[in-house]
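Chain by chain, the residues:
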Number of protein chains: 2
Amino acid sequence: MASNDQPVPVFSKPVTLRDVATEAGVSVATASKALNDQGRMTTETRERIRQTAQRLGFRPNSLAQSLLRRRSFTVGLLTNDTYGRFSLPLMAGISDALVDAGVSVFLCNVEEDPRLGQLHVEAMLDKRVDGIIATGKRIDRHLPVDLSNLRIPVIYAFTQPDPDAVAFVSDDAGGARLAVEHFCRLGRRRIAHVTGPSTFAVVHERAEAYRAVLAENGLPAMEPLLGSWTESFGHQAVAHLFDGAGEKPEAIFCGNDQIARGVIDGLRERGLSVPGDVGVIGFDNWQIVAEATRPPLTSVDMNLAALGREAGLTLLSLVGGKPAVPGIRKLPCRLVVRQSCGRLQDG
Amino acid sequence: MASNDQPVPVFSKPVTLRDVATEAGVSVATASKALNDQGRMTTETRERIRQTAQRLGFRPNSLAQSLLRRRSFTVGLLTNDTYGRFSLPLMAGISDALVDAGVSVFLCNVEEDPRLGQLHVEAMLDKRVDGIIATGKRIDRHLPVDLSNLRIPVIYAFTQPDPDAVAFVSDDAGGARLAVEHFCRLGRRRIAHVTGPSTFAVVHERAEAYRAVLAENGLPAMEPLLGSWTESFGHQAVAHLFDGAGEKPEAIFCGNDQIARGVIDGLRERGLSVPGDVGVIGFDNWQIVAEATRPPLTSVDMNLAALGREAGLTLLSLVGGKPAVPGIRKLPCRLVVRQSCGRLQDG
DNA sequence: CTTAGTTGGGAAAAGGTTTTCTCACATCGA
DNA sequence: TCGATGTGAGAAAACCTTTTCCCAACTAAG
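Residues numbered from 1 in each chain as written. Chains lettered and ligands numbered in written order. Predicted model: local features only at pLDDT ≥ 70, side-chain atom pairs only at ≥ 80, totals over all residues. Heavy atoms only, no water.

Attention now moves to the protein's contact with DNA strand C. Taken together, 28 residues form the shell around DNA strand C, and within it T30, K33 and R70 of chain A together with L17 and Q65 of chain B come nearest. By atom count, sugar and phosphate contribute 59% of the portion of DNA strand C lying within 4 Å of the protein. The contact in question runs from a base oxygen of DNA strand C to an N or O atom on the side chain of R40 of chain A, over 3.4 Å. For the surface near DNA strand C, the elements supplying multiple residues, two or more each, are helix 2 (28-35) and helix 4 (62-69) of chain A together with helix 2 (28-35) and helix 4 (62-69) of chain B. The dominant element in the surface near DNA strand C, judged by the number of residues it contributes, is helix 4 of chain B, at four residues. Here the residues of the surface near DNA strand C sort into twelve nonpolar, ten polar and six charged. (Near = heavy atom within 4 Å. Polar contact = N/O pair within 3.5 Å; in protein donor to acceptor, adjacent residues only side chain to side chain. Helix = DSSP H or I, 4+ residues; strand = E, 2+ residues; numbered from the N terminus. Nonpolar A, V, L, I, M, F, W, Y, C, P; charged D, E, K, R; others polar.)

This is the structure in structure tokens:
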């Protein structure tokens with residue numbers, strides 16, 4: 001049987017620093033110093049070693065470096081967000097902030113399973129991650145793992161288990177203000193708020209901001225409609241708001257894009273034009289939803305990637321030994337204006 | 001200034017094998033063997049060392065182990081799927097398959113940027129990942145990185161750069177068959193197919209299967225409608241199919257759930273009932289979309305998690321030195337029946 | 001010519017674990 | 001009592017890199 005009958009691939013051995021040193025006729029110590037711009041030697045020697053390393057395709061073994069430096073250039077991202085609606089943009093930001101520092105990210109989805117969470121955390125700890133970023137779908141619920149007594153820095157994004165932790169969250173109240181104030185600027189007077197269930201902390205935070213902006217602008221207060229984060233609740237809300245007697249809203253600020261979508265569809269089915277008769281603004285700026293509504297949805301973007309970047313950078317500096325003051329940092333949202341909210345009339 | 005004025009946390013030093021050995025009054029060699037069930041010693045000694053390790057909370061340093069074993073218990077997942085629509089379920093499957101083996105997964109989103117791809121791949125290589133799984137949004141496009149001459153095993157999921165590679169993809173033709181055959185069983189005779197652009201390989205593969213099933217069942221052939229993967233194309237398609245003259249379809253098999261959503265909305269706007277007048281089946285089984293359509297959408301599920309599990313397991317066995325025959329492995333889809341496709345009439 | 005200082009480069013330890021050898025001691029049969 | 005066998009446990013090498021000394025050779029000053 002010929003040897004090439006075997007489909008098993010042969011992987012060549014990685015070239016080590018010793019190989020480079022031998023090839024260049026110096027000791028490993030010198031080779032190391034040459035490549036790290038340390039120590040003293042003739043530029044000639046240094047250059048020769050560099051060339052040799054280059055030629056041999058030498059890449060230092062991170063494992064050995066990590067062992068020595070007690071730093072693995074690795075962080076873990078813990079999430080329970082199965083579909084990655086929030087965690088992926090966050091991840092993108094983190095990754096973006098860290099890749100230039102040579103740091104890679106372990107992603108662990110722990111669902112709601114404490115056993116799984118424990119397993120993943122231990123695996124990461126054993127691999128000596130430099131730090132952990134924990135994220136969740138909502139600020140007022142925590143991952144099913146205890147990260148409080150780890151020997152490494154932990155940063156929270158979108159959740160904050162205790163006030164002594166360092167946490168980054170979006171400024172939901174500010175985001176709500178952006179939306180409602182935008183409606184005010186557009187001259188809408190009766191502004192409704194349709195949002196998720198009262199069990200979510202953000203629901204109250206945003207509703208509070210909504211009421212505040214109405215008050216500041218001398219507009220009629222309307223009680224926020226709490227329900228579920230679904231399209232179908234958007235439909236129900238429209239039925240509730242428009243099918244009864246009394247004055248109808250001119251604008252609806254929705255708690256997420258799915259609700260907004262349901263609202264827009266419900267309005268259209270009633271022959272109401274968006275934004276002509278009613279303006280709609282959503283929350284989350286979930287592109288795939290926001291761009292599919294008719295008309296495309298104006299929505300509050302939580303800047304998750306930026307949040308991830310901040311979290312990543314902060315973790316890095318924490319790992320580097322710089323202290324960080326504990327507490328929540330709120331990062332501003334931004335309003336992404338499309339066509340569902342109406343436009344300022346010129347003149 | 002009191003020392004507790006400083007917010008810098010103090011992280012205790014990890015306990016090493018040497019600590020355990022010293023504490024138990026043995027050598028590190030013995031300690032190692034005790035904990036790994038190797039070597040010879042009295043059960044008494046072994047037990048005592050175990051207890052000591054337990055008491056001290058010893059966890060072996062993975063870095064040191066990896067260095068020695070030339071195996072990092074780490075794999076990389078490379079993707080360009082920003083929103084994680086495909087890569088996250090895949091990731092979940094991979095992670096699920098590997099976590100019990102103590103393997104963690106680096107997730108790297110390289111977008112379409114070759115520089116970024118290169119950066120990530122090098123970072124992973126330096127960290128001595130045991131293998132890499134590369135995935136993409138579509139089988140006929142590849143990531144902007146060259147993985148062909150790595151010293152570690154590579155597995156592809158959803159893409160296959162060359163026939164010598166090991167790749168896992170979903171059986172799109174089979175999935176299409178499932179959908180169309182389901183319509184046939186339900187007695188629908190005029191079955192249309194609305195799908196994405198011709199630049200996608202899967203579009204042709206599924207269209208082929210669609211035609212084949214029609215032929216096998218002696219049903220009238222209809223030319224598939226190719227467009228974009230969007231809701232708005234779904235609307236257009238409905239206009240095209242129903243607003244002209246000629247016989248109308250009784251069923252529509254859509255290339256993805258977004259198209260299906262557009263189709264369903266378009267049908268409703270025309271006063272056609274789903275599934276009463278027209279049955280609709282989508283593709284991807286994107287839960288958040290499929291459950292929000294009215295009625296909920298029957299859809300072909302590509303079993304991405306299962307695919308990820310297979311890929312992970314295969315990579316593991318490849319890493320373990322077992323050869324794997326190159327080529328594409330197609331994994332079956334499954335039909336998730338909800339309410340949009342109609343039901344078999346009893347009696 | 002001696003001494004102090006500089007320069008280029010190497011030896012060795014460290015990081016934490018695993019594994020192979022080796023060794024001392026005990027036991028057993030002759 | 002002597003060799004053979006077996007048993008429990010330790011010493012040391014290995015994995016790969018970094019860093020701290022250290023040393024030899026050379027230069028310059030006195």
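With domains assigned, chain A is organised as domain 1 (10-60), domain 2 (72-170 + 304-331) and domain 3 (172-302). Once you take the C-alpha centre of each, domain 1 of chain A and domain 3 of chain A turn out to be 63 Å apart. (Domains from an automatic or database assignment.)

All names here are of chain A. Relative to the assigned elements, D243 resides in helix 9 (residues 231-243). Note: C-alpha distance between D243 and Y156 (87 residues apart in sequence) is 44 Å. Those residues in contact with D243, other than ones at most four positions away along the chain, are V238 and R270. Only 2.8 Å separates the side chain of D243 from the side chain of R270, close enough to count as a polar contact. (Contact = heavy atoms within 4.5 Å.)

For the structure on display, the rule yields eight aromatic pairs over all chains. Between the aromatic rings of W286 of chain A and W286 of chain B, the centroid separation amounts to 6.4 Å while the plane-to-plane angle is 75 degrees, which identifies the pairing as edge-to-face. Placement of W286 of chain A in the loop between strand 9 (279-283) and helix 11 (287-290) and of W286 of chain B in the loop between strand 9 (279-283) and helix 11 (287-290) is noted, with the two residues assigned to different chains. The class of W286 of chain A is buried, set by a relative accessible area of 9%. Arranged with centres 6.2 Å apart and planes meeting at 45 degrees, the rings of F253 of chain B and F283 of chain B form a pair that is tilted. Of this pair, F253 of chain B sits in strand 8 (residues 251-254) while F283 of chain B sits in strand 9, and the two are 30 residues apart along the sequence. For the pair F253 of chain B and F283 of chain B, one class covers both residues: buried. Over the ring of F73 of chain B we find R71 of chain B, and its NZ or CZ is 4.3 Å from the ring centre. (Phe/Tyr/Trp six-rings, centres within 6.5 Å; stacked < 30°, edge-to-face > 60°. Buried < 20%, exposed > 50% of the residue type's maximum accessible area, 1.4 Å probe, protein only. Lys NZ or Arg CZ within 6 Å of the ring centre and 35° of its normal.)

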